[in-house]
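Tertiary structure, described
So the chains spell out like this:
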Amino acid sequence: MRWEHGRRSENIEDRRGMRVSGRGLAGGGIGAIILALVAMYFGVDPAVVLNQAGNQAPTQAEQQVTFSPEEERLKEFMSVVLADTEDVWGALFRSSGQTYQPPTLVLFSGAVESACGFAEAAMGPFYCPGDHKLYLDMRFFNDLAQRHDAPGDFAQAYVVAHEVGHHVQTLLGISEKVHAARSRADEAEGNAMQVKMELQADCFAGVWAHHANKTRQILEPGDTEEALAAAAGVGDDRLQKQARGVVVPESFTHGSSEQRMRWFSRGMQSGDPGQCDTFKAARL
């Protein structure tokens, strides 16, 4: 990916090296549920999260940590990718008479406190609608490359763009509507709605890639394949087979590898957010 000459975002909150104390989930309730869903995304047993729920809210304290040149370069890369999503979605929102409010990317080490509760790095990256922030421990990218067979910088960019896609859903009011509908639905219906949310975020990530490349020619040979590998690597079917040895489609919350690749490709080929309406699609 050609990124070195790109604009750097100022919406980065670097909490690396901050120690989190307290094992409870701030606020409990919906915060625990949200983070449990995030855990399921990456094949982590949600019970690990839910069992941490308690009354004590975590606090963070700074400690002295030195980061390698490679880690600092990766932080710079994240800043460029975030800036690029700001430019793309800012333009798309303006074209429809709206104003895009950029999210903040929080970089952390090990564990973090968010408006959605306490989260550990093992759960992977997540977006919290409560504070409009994306949370990422960059060491996750080692897992992405090794466990999910998705190395490469554009695979990493896809991860950020997907979480930004959830932010776009929040700004458009989609997240609120889905949350209200899920509160009235049974488990199977709720899971189905969550899958549609995640596939739409994949499609929105593809929309970003389309416009970023059209405007700034960021793609290099193999980049698209890297993003598709990342989408496939975190498909529910693949994660369930890794974790349990069996696949249970009724319990999917993010979609199969094939679905995730297809919806990312749809957004990337069209560049049209209107093509990402998974809720009205005849086929996921």
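Residue positions are given per chain, counted from 1 along the sequence in the order it is written. Given that the model is predicted, a residue must reach a pLDDT of at least 70 before its local features are reported, and side-chain atom pairs must reach 80 or more before they are shown or counted; all residues, however, enter totals for whole chains, interfaces and linings. Side-chain metrics in this entry use all non-hydrogen atoms of the structure; hydrogen atoms and water are not considered.

1. Structural notes on the state of the cysteines
The definition used for a disulfide is geometric: two cysteine sulfur atoms within 2.5 Å. For the coordinates displayed, the defined rule picks out two disulfides. One disulfide in the model links cysteine 116 with cysteine 128; its S-S distance is 2.2 Å. What sets the handedness of the cysteine 116 and cysteine 128 disulfide is the S-S torsion sign, and at about 95° it is right-handed. Linking cysteine 116 in the loop between strand E5 (111-114) and strand E6 (117-120) with cysteine 128 in strand E7 (residues 126-128), this pair joins segments that are twelve residues apart in sequence. Helix and strand definitions here come from DSSP, where helices need a minimum of 4 consecutive H or I residues and strands a minimum of 2 consecutive E residues; each element is numbered from the N-terminal end.

2. Examining the environment of glutamate 71
With respect to the helices and strands, the residue glutamate 71 is situated in helix H3 (residues 69-95). Here the alpha-carbon distance between glutamate 71 and methionine 138, two residues 67 residues apart in the chain, equals 8.1 Å. Residue contacts are counted whenever heavy atoms from the two residues lie within 4.5 Å of one another. The contact partners of glutamate 71, leaving out residues within four places of it in the chain, are Arg16 and Met138.

3. Some words on the packing of helix H8 (residues 223-233) against helix H10 (residues 257-270)
Remark: H8 packs on H10, axes separated minimally by 7 Å, with the N-to-C direction vectors making an angle of 140°. Crossing geometry of H8 relative to H10 is assigned as right-handed. Residues Thr224, Ala227, Leu228, Ala231 and Ala232 of H8 pack against Ser257, Arg260, Met261, Phe264, Ser265 and Met268 of H10. Axes here mean lines fitted to C-alpha atoms, for a helix over just the part in contact, with angles spanning 0 to 180 degrees between N-to-C directions. In this scheme, a crossing is called left-handed if the near helix is turned counterclockwise away from the far one by less than a right angle; it is called right-handed if the turn is clockwise.

4. So, the sheet that holds strand E4 (residues 104-107)
Strand pairing is assigned whenever DSSP detects at least two bridges linking the two strands. In spatial order, the strands read E1-E4-E8-E7; together these four strands make up an open sheet with mixed pairing. The open sheet has two free edges, formed respectively by strand E1 (12-14) and E7, since each of these has just one partner strand. On average, each strand axis in the sheet is inclined to that of its neighbour by 25°, with strand direction left out of account. Across three bridges, E1 lies against E4 in parallel orientation. The residue bridging isoleucine 12 from the neighbouring strand is leucine 105, located in E4. The strands touched by H3 are E1, E4 and strand E8 (133-136); relative to E1, the strand with the most contacts, the crossing angle is about 155°. Of the strands in this sheet, E7 and E8 are in contact with helix H5 (residues 153-171), which crosses E7 at around 25°.

5. Brief notes about H10
Spanning 14 residues, H10 covers 20 Å between terminal C-alpha atoms, matching the ideal 20 Å at 1.5 Å per step. Listed as buried for H10 are Ser257, Gln259, Arg260, Trp263, Phe264, Gly267 and Met268. Multiplying one less than the number of residues by 1.5 Å gives the expected span of a helix. Burial status follows relative accessibility: with a 1.4 Å probe on protein chains alone, a residue under 20% of its type maximum counts as buried, one over 50% as exposed, and anything between as partly exposed.

6. Concerning the layout of surface pockets
Of the two site types, the cavity is a set of points on a 1 Å grid over the protein atoms alone where a 1.4 Å probe fits but cannot get out, and the pocket is an open set with protein on both sides within 12 Å along at least five of seven lines, each lined by residues with an atom within 4 Å of a point. Grid points are joined across faces, edges and corners, and a volume is the space filled by probe spheres set on the points. Put simply, the second largest pocket is a space of about 330 Å³. The wall of the second largest pocket is formed by 20 residues, among which Glu70, Glu71, Leu74, Met138 and Arg139 lie closest to the centre. Within the residue set of the lining of the second largest pocket, elements represented by two or more residues are H3, helix H4 (140-146) and H5. Sort the elements by how many residues they give to the lining of the second largest pocket and H3 lands first, with five residues.

7. A few points about empty space enclosed by the protein
Within the structure shown, the criterion is met by one cavity of 30 Å³ or more. Taken as a whole, the largest cavity encloses approximately 40 Å³ of empty space. As for the largest cavity, its lining consists of Leu105, Pro125, Phe126, Leu134, Tyr135, Leu136, Val159, Val160 and Glu163. The set of elements that each furnish at least two residues to the lining of the largest cavity consists of E8 and H5. The classification used treats Ala, Val, Leu, Ile, Met, Phe, Trp, Tyr, Cys and Pro as nonpolar, Asp, Glu, Lys and Arg as charged, and all other residues, Gly among them, as polar. Among the residues forming the lining of the largest cavity, the class breakdown is eight nonpolar, no polar and one charged.

8. Side note on the confidence of the model for the protein chain
Confidence scores labelled pLDDT are given residue by residue by the predictor and lie between 0 and 100. Counting all residues, the mean pLDDT for the protein chain is 84, and 83% of those residues have values of 70 or more. Overall, residues 23-35 carries pLDDT values under 50, and its contacts beyond four positions in sequence, including any with other chains, amount to 34 contacts. A low-confidence stretch, residues 37-61 (pLDDT under 50), is modelled with 76 contacts involving residues beyond four sequence positions or located in other chains.

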